[in-house]
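# Fold and geometry: a report
Residues per chain are reported as follows:
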Amino acid sequence: MTATLTNILPEDFRSGTFLGRALSPAGPHVLVIRGGILFDLTREAASVSGAIARRAFAGGEELGPAENGLPAGWSLLSPIDLQCVKACGVTFAVSAIERVIEERARGDSGKAAEIRAMLEEKVGGIREVVPGSAEAARLKDLLIAEGMWSQYLEVAIGPDAEVFSKSPVLSSVGHGAEIGVRSDSSWNNPEPEVVLAVDPQGEVVGATLGNDVNLRDFEGRSALLLSKAKDNTASCAIGPFIRLFDAGFTIDDVRRANVDLLIEGPEGYRLEGTNVMGEISRDPLDLVAQTLSEHHYPDGFVLFCGTLFAPTQDRDTPGGGFTHKLGDVVTISSQRLGRLSNTVTTSRDAAPWTMGLAEFARNLARRGLIDRI
């Protein structure tokens, strides 16, 4: 962890309020940055989910200017704890086409380029239609008649969004941690996304960044392998902090956001891309409403909004496309949200996840904080 937090916070961090977590030798702490000053909120709210539910963002023990970084011996964690981690997929037209490519290639990256060229011509029209509209229904009928329909196109332009559980409670990793891909995956990629923080009543209170690490070969073989493709040790990175909504930062800033991706490989490889939220097919608040549906989230939830970025450029062999290598440094950044950076390893070799719900509760009980959760 670097000595300062300012290299991962947005340039205007002194004008916003940022909620996060850190690990000290005693256990996890809830942090807030207000006016550029870092505070430890743990005595007021011992969980981020509780702080959000009670809007307990004031007070706390002052730790100093954010420029000074965390106290010695502390390290940054994912800025969420007890919230469910949900994700929406195929929310951009480009990602819909890429999912269909995976399906038709049966997870074989070598077949992707040929199928991509054919599909762009056939289903490029999904870029212009509103999901769930009469025009979308007509396009569906046309594609069915041409034998081009797919379950991925159903969630791309149909009335119902794809919503899935990305990661167990307390399992996400934060800035600076290793991220994991399965050791038996040969076609995978990062997914740079905006992540919304939602309270138990369904109100969106802020946003952060996330990497919804994806295994294209697994999901391409069968959509029923989605859980294996998405939910593995260290496969969910979130951070650096949740930027809370206020007069200067609102859901409209999320709608206008660009999310930049940089991959730097150990062999000197470099790949850059941008996830333009303005091109999303479904409004972020519609995605939240579909996630709520007929469900209850007593500790709130966070929601990955999806990405239009699926790297297709060849890395090693012509037609082989992109896949991660061990040691890749993945940096996701956005002007109003900061920077999330992680290094790729395998889920098998990543640091084990040890603080689940029981250990989290035991730790807070030992510190006399369990009633402040």
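So, on to the pairing of strand S16 (residues 301–304). Covered by surrounding structure in S16 are Phe-301 and Leu-303 together with Val-302 and Phe-304, the residues of both alternating faces. Bridge count for strand S6 (residues 84–89) against S16 is 4 bridges, and the pairing is parallel. Each residue of the ladder has a partner; that of Val-85, found in S16, is Val-302.

Glancing now at the sheet that holds strand S8 (residues 178–181). Strand order in the open sheet formed by 5 strands is S8-S18-S17-S14-S15, with mixed pairing between adjacent strands. Every other strand in the sheet has two partners, leaving S8 and strand S15 (270–276) as the edge strands with one partner each. With direction set aside, neighbouring strand axes in the sheet form an average angle of 25 degrees. Across 6 bridges, the pairing between strand S17 (residues 329–334) and strand S18 (residues 338–346) is antiparallel. Bridge pairing in S18 places Thr-331 opposite Ser-341.

This part covers the environment of Leu-285. Secondary-structure assignment places Leu-285 in helix H9 (residues 284–292). Here the alpha-carbon distance between Leu-285 and Phe-39, two residues 246 residues apart in the chain, equals 30 Å. The residues touching Leu-285, leaving out its near neighbours within four places in the chain, are Val-204, Ile-251 and Arg-255.

Time to look at the side chain of Ser-150. Relative to the helices and strands, Ser-150 is located in the loop between helix H4 (134–145) and helix H5 (151–157). Note on Ser-150: relative accessible area 3%, which makes it buried. There is a polar contact of 3.0 Å between the side chain of Ser-150 and the backbone nitrogen of Tyr-152.

Cut-offs used in this document
- Residues numbered from 1 in each chain as written.
- Predicted model: local features only at pLDDT ≥ 70, side-chain atom pairs only at ≥ 80, totals over all residues.
- Heavy atoms only, no water.
- Buried < 20%, exposed > 50% of the residue type's maximum accessible area, 1.4 Å probe, protein only.
- Helix = DSSP H or I, 4+ residues; strand = E, 2+ residues; numbered from the N terminus.
- Pairing = 2+ DSSP bridges.
- Axes fitted to C-alpha atoms, helices over the stretch in contact; angles between N-to-C directions.
- Contact = heavy atoms within 4.5 Å.
- Polar contact = N/O pair within 3.5 Å; in protein donor to acceptor, adjacent residues only side chain to side chain.

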